[in-house]
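Read off the chains here:
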Amino acid sequence: MNDPYAKLAELGLTLPEVVPPVAAYVPAVQSGKHVYVSGQVPIADGKMLATGKVGGGVSPEQAKDLAERCALNAIAAIDALVGLENVAKVVKVTGFVASAEGFTGQPGVVNGASELFGAVFGEAGQHARSAVGVAELPLGAPVEVEVIVEVA
């Protein structure tokens, strides 16, 4: 059995505090056997790690790291609601990338999130996914990630 807490420690990562909502919603909600995590932006210690558009002021490599941070924030929201030990499967990941005109590397950016889910949850971290380029994201974030997981 994969231990997500041990995997996080192995990766040198600690779960952050759940990022408080910036509007009228909750970080995550459970319905039946699924947890739906609200879109997570790259906030650490209460601060946005970067702002701007990918392919403009934010490099694709930096954006991939920011997507990983979004995923870590999502994992924290899941843990706070149901505990990581109860995650049976990462079902669907949707990544939104604030894209400069002509930037088409959204899949590579969202790999930052997908790879972390795979590293933390092992085979259960393999998921369906969309990587979408958008004009703007909340608070100027370059990347936003939402996830749906199945719980045992």
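Let me begin by describing the structure that accompanies this report. (Residues numbered from 1 in each chain as written. Predicted model: local features only at pLDDT ≥ 70, side-chain atom pairs only at ≥ 80, totals over all residues. Heavy atoms only, no water.)

**Some remarks on the side chain of Glu-144**
- On the secondary structure map, Glu-144 appears in strand E7 (residues 143-151).
- Look at Glu-144: it is buried, it has no salt bridge, and the nearest opposite charge is Lys-53 at 13 Å.
- Contact partners of Glu-144, with chain neighbours within four places excluded, come to Gly-39, Gln-40, Val-41, Cys-70, Thr-94, Gly-95, Phe-96, Leu-137 and Pro-138. (Helix = DSSP H or I, 4+ residues; strand = E, 2+ residues; numbered from the N terminus. Buried < 20%, exposed > 50% of the residue type's maximum accessible area, 1.4 Å probe, protein only. Lys, Arg positive; Asp, Glu negative; His and termini not counted. Salt bridge = Lys/Arg side-chain N within 4 Å of Asp/Glu carboxyl O. Contact = heavy atoms within 4.5 Å.)

**Things to note about helix H3 (residues 106-121)**
- With 16 residues, H3 should cover 22 Å at 1.5 Å per step; its first-to-last C-alpha distance of 23 Å lies within 8% of that length.
- Gly-112 marks where H3 bends most, by close to 35°.
- Considered for burial, the residues of H3 that qualify are Gln-106, Val-109, Val-110, Gly-112, Ala-113, Ser-114, Leu-116, Phe-117, Gly-118, Val-120 and Phe-121.
- For H3, the secondary structure elements touched by its buried residues are helix H1 (4-10), helix H2 (60-82), strand E5 (87-98), strand E6 (128-134) and E7. (Expected span 1.5 Å × (residues − 1). Bend = angle between axes of the 7 residues up to and from the residue.)

**As for unusual backbone geometry**
- Located in the positive-phi region is Asp-45, a residue other than glycine, with phi close to 50°.
- With respect to the element layout, Asp-45 can be found in the loop between strand E3 (43-44) and strand E4 (47-48).
- With a phi close to 60°, Leu-139 is a non-glycine residue in the positive phi region.
- With respect to the element layout, Leu-139 can be found in the loop between E6 and E7.

**Overview of the sheet that holds E7**
- With mixed pairing, 5 strands are arranged side by side in an open sheet as E1-E2-E7-E5-E6. With one partner strand each, in any of the chains shown, strand E1 (28-31) and E6 form the two edges of the open sheet. Going across the sheet, the axis of each strand differs from the next one's by a mean of 15°, ignoring polarity.
- Here E1 pairs with strand E2 (residues 34-40) via 4 bridges, running antiparallel. Its bridge partner lying in E2, Ser-31 is registered against His-34.
- Seen against the sheet, H2 touches E1, E2, E5 and E7 and runs at an angle of roughly 35° to E7. (Pairing = 2+ DSSP bridges. Axes fitted to C-alpha atoms, helices over the stretch in contact; angles between N-to-C directions.)

**With respect to the environment of Gly-32**
- With respect to the secondary-structure elements, Gly-32 resides in the loop between E1 and E2.
- Accessibility expressed as a relative area gives 61% for Gly-32, which makes it exposed.
- Between the C-alpha atoms of Gly-32 and Gly-118, which are 86 residues apart in sequence, the distance is 23 Å.

**Focus on the pattern of salt bridges**
- Using the criterion set out here, one finds 3 salt bridges in the structure.
- Lys-53 is the salt-bridge partner of Glu-136, the closest N and O atoms lying 3.1 Å from each other. On the criterion of sequence distance, the pair formed by Glu-136 in the loop between E6 and E7 and Lys-53 in the loop between E4 and H2 is long-range, its members being 83 residues apart.
- Assessed through its relative accessible area of 57%, Glu-136 is described here as exposed.
- Among the residues examined, Lys-53 registers a relative accessible area of 27% and is labelled partly exposed.

**Thoughts on the pairing of E7**
- Here 5 bridges tie E2 to E7, and the two strands are oriented antiparallel to one another. Note on E7: the bridge partner recorded for His-34 is Glu-150.
- Strand direction decides the pairing type here: E5 and E7, joined by 9 bridges, are antiparallel. The partner of Val-90 across the bridge, within E7, is Val-149.

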